[in-house]
Amino acid sequence: MTRGVQQLDAISLAIMWDRLVALTDEIVSTLVRTSFSTIVRESYDLTVVVVDTEGRLMAQGSISAPPFIGTAPLTMKHVLRRFPPETLAPGDVIITNDPWQGTGHLYDVNVVRPVFRKGRIAGYTLSITHLPDIGGVGFGASAAEIFHEGLRIPLRKIVSAGVLDESLLDLIRANVRVPEQVIGDVMANLTANEVGGRMLTEFMDEYGLDDLNALSAAIRGQAERVTRERIRAMRPGRYTNRIQIEGIDAPITLACAIDIEGDGVTIDFAGTGACVPRGINVPYCYTNAMSLYSMKCLTSWDLPNNEGATAPIKVIAPKGCILNAQPPFPTGGRHSTGHFVSPLVFGAMKDAAPDLVQSDTGMIDILNFRGTNRDRGEFSTMWFSAGGFGAVKGHDGPNVTPGPSNMAVVPVEIWEDVTGTLIERKTLLADSAGAGEARGGLGQEVVFRNDTGHPLTVFSMANRTEFPPLGFHDGRDGARRAHLINGKPIHPKGQNVLAPGDRLTLRQPGGGGFGDPKRRARDKITRDVAEGFVSREAALHDYGVVIADDLGEAAE
């Protein structure tokens, strides 16, 4: 017999909630262990969620891309419209990589599996991973329309009543450059969802649940109550922000107005610039995701991710603006624009919640490497490289920490083995962080040498090259990002070919500082200089402190 929401006491709810999160973590582990690409098994560019019968997100894996709490529920709405429960059978699995039905670009595959219990659907599992290739011109910002970017799979069944659609796999194989890795990752998603369905059934057996709806309502209700309480604690009113970001040939304006009224928040991106004919446009699903993630950081940062935590937040973006792109605009590098939603929102909220907002982060830098390894043959993979995190009140930003997405860097030894390139240098960049009462995190420099013996194609999708990470409340800005080949700057969103022996240098920005640098504790400045984070010249220029050669304070 299914327990009603009112029968779930606080202790039982906490135990079952923790068990459900642990269950999603086990699905993540299965996905990582069975994947073929370094993108999943090393960088964790993935998400796993569990949803109830109405498609409402109730749990997300702890090691997942957090913004996808905003895409997964929208994907489930598309799934339920295309495949109502009565059209599904045990053993069915649904797939799509459609940018407007999934996560905003073709390179993320979304796999959904209904979980049956006693002859009817009791919930769903959903996994998302970034594929190493999907055909077309390649993962980057160079496409002029969506049709250039690769194979687009609308919502369809990849498994029907337990029977795999081999013709679909053949179609995918014929359209990608590294079919073994791509098909391997697709099959890893199928495996993870199969394991997840089995674990959910065992979970429901243990607790006597016919479906997940009652538990979902209790979990989401608790998170929503906390979120609304914290919104009510903020200063009501309208808060606006407008920033410039790097486009292709000219800057692009992003604008937002955030209305805090009672226990609800509305974010409106009216005033944002139009789409451009290159792959940096952002479908609404990804804008929604980054907006909800940003507000969750300010309202329910201490609760596991679920749809209740985002229920009080409404997101509006005018159709046709770069944050609500419509087909056939290309969206491959949508993160290079979409990641700015977080600093845009935080910048608007710095007066409404000054103790919670983060100064601008140096952001994550994502590059697509495509070439031929001397020993392993053709490869197509991604490098994730982090800038410094922005500072918050009372806390320095961590060095080289990704944000607002959280993918991990591939270990150097694995990267060199897979690609045949050599990483000559990987070091923190002194003085790259914005000064402040709380200092931003440092950026880094990474130098690659093309040792493959073949031409190596690199797609850059960089940001922060013209407009640095901003400091808040009198904090200083961080340094800017740069991509260079053999010491010469290249277009930050271009496609380049490295000849054998060529070197690619990535200089990652530091995070913005928070608060007046003159208020920074002197012992922290001395320690920063001792650790090589801040030079003596910067200590004098930014903080007004002279550090003697013996690291004692000579003067102020």
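So, a few notes on the structure that sits alongside this text. (Residues numbered from 1 in each chain as written. Predicted model: local features only at pLDDT ≥ 70, side-chain atom pairs only at ≥ 80, totals over all residues. Heavy atoms only, no water.)

### A few points about the sheet that holds strand β17 (residues 482–485)
Okay, so step 1: Spatial ordering of the open sheet is given by β14-β15-β20-β17-β18, a layout of five strands whose pairing is antiparallel. The open sheet has two free edges, formed respectively by β14 (422–428) and β18 (488–489), since each of these has just one partner strand.
Okay, so step 2: On the sheet, helix α10 (residues 412–419) packs against β14 and β15 (444–449) and is oriented at approximately 150° with respect to β14. (Pairing = 2+ DSSP bridges. Helix = DSSP H or I, 4+ residues; strand = E, 2+ residues; numbered from the N terminus. Contact = heavy atoms within 4.5 Å. Axes fitted to C-alpha atoms, helices over the stretch in contact; angles between N-to-C directions.)

### A closer look at the packing of aromatic side chains
Each aromatic ring pair is specified by the distance between its two centres and by the angle formed by the two planes.
Okay, so step 1: Within this structure, the stated rule accounts for seven aromatic pairs.
Okay, so step 2: Look at F203 and Y207: their rings are 5.1 Å apart centre to centre, the planes differ by 55°, and that puts the pair in the tilted class. In this pair, F203 and Y207 are both assigned in helix α5 (residues 179–207), four residues apart and thus about one turn of the helix distant.
Okay, so step 3: Here the aromatic residues F369, W383, W415 and F448 are joined through ring pairs into a cluster of three or more.
Okay, so step 4: Directly above the ring of F472 sits K350, whose terminal nitrogen or CZ lies 5.6 Å from the centroid. (Phe/Tyr/Trp six-rings, centres within 6.5 Å; stacked < 30°, edge-to-face > 60°. Lys NZ or Arg CZ within 6 Å of the ring centre and 35° of its normal.)

### Quick word on the packing of helix α11 (residues 522–530) against helix α12 (residues 536–543)
Okay, so step 1: In contact at an axis separation of 9 Å, α11 and α12 are set at 150° when each is read in the N-to-C sense. In terms of orientation, α11 and α12 fall into the roughly antiparallel class. For the element pair α11 and α12, the recorded crossing hand is right-handed. Two secondary-structure elements touch here, α11 through R522, I525 and V529 and α12 through R536, A539 and Y543.
Okay, so step 2: Of the residues belonging to the contact of α11 with α12, the class tally is four nonpolar, no polar and two charged. (Parallel < 35°, antiparallel > 145°, perpendicular 65-115°, else oblique. Left-handed = near helix turned anticlockwise from the far one by under 90°. Nonpolar A, V, L, I, M, F, W, Y, C, P; charged D, E, K, R; others polar.)

### Overview of the sheet that holds strand β2 (residues 57–60)
Okay, so step 1: The strand order across the open sheet built from seven strands is β2-β1-β5-β4-β3-β6-β7, with neighbouring strands paired in antiparallel fashion. Whereas interior strands pair on both sides, the edge strands pair on one side only; in this sheet they are β2 and β7 (163–164).
Okay, so step 2: Two strands pair when backbone bridges link them, and strand β1 (residues 46–51) and β2 are joined in this way by three bridges, in the antiparallel orientation. Across the sheet, the residue bridging to V50 is A59, located in β2.
Okay, so step 3: Each of β1, β2, β3 (93–96), β4 (108–117) and β5 (120–130) is contacted by helix α3 (residues 72–82), which is oriented at about 125° to β5, the strand it contacts most.

### Points about the state of the cysteines
Okay, so step 1: In this structure the tally under the stated criterion is zero disulfides.
Okay, so step 2: Unpaired in this structure, C275 has its nearest cysteine sulfur neighbour in C321, at a distance of 6.8 Å.
Okay, so step 3: Not engaged in a disulfide, the cysteine C297 finds its nearest cysteine sulfur in C256; these two sulfurs lie 15 Å apart.
Okay, so step 4: Taking the relative accessible area as the measure of exposure, C297 reaches 28% and is therefore partly exposed. (Disulfide = S-S within 2.5 Å. Buried < 20%, exposed > 50% of the residue type's maximum accessible area, 1.4 Å probe, protein only.)

### Some remarks on helix α7 (residues 284–299)
Okay, so step 1: Between its first and last C-alpha atoms α7 spans 22 Å; for 16 residues at 1.5 Å apiece the expected length is 22 Å, and the two agree.
Okay, so step 2: Burial analysis of α7 places 14 of its 16 residues in the buried class, the great majority of the element. (Expected span 1.5 Å × (residues − 1).)

### Points about the side chain of R370
Okay, so step 1: Topologically, R370 is positioned in strand β12 (residues 364–373).
Okay, so step 2: At a separation of 3.1 Å, a polar atom in the side chain of R370 contacts the main-chain carbonyl oxygen of V137.
Okay, so step 3: Every residue in contact with R370, bar those within four places of it in the chain, is listed here: V137, G138, R177, F379, S380, L456, T457 and F459. (Polar contact = N/O pair within 3.5 Å; in protein donor to acceptor, adjacent residues only side chain to side chain.)

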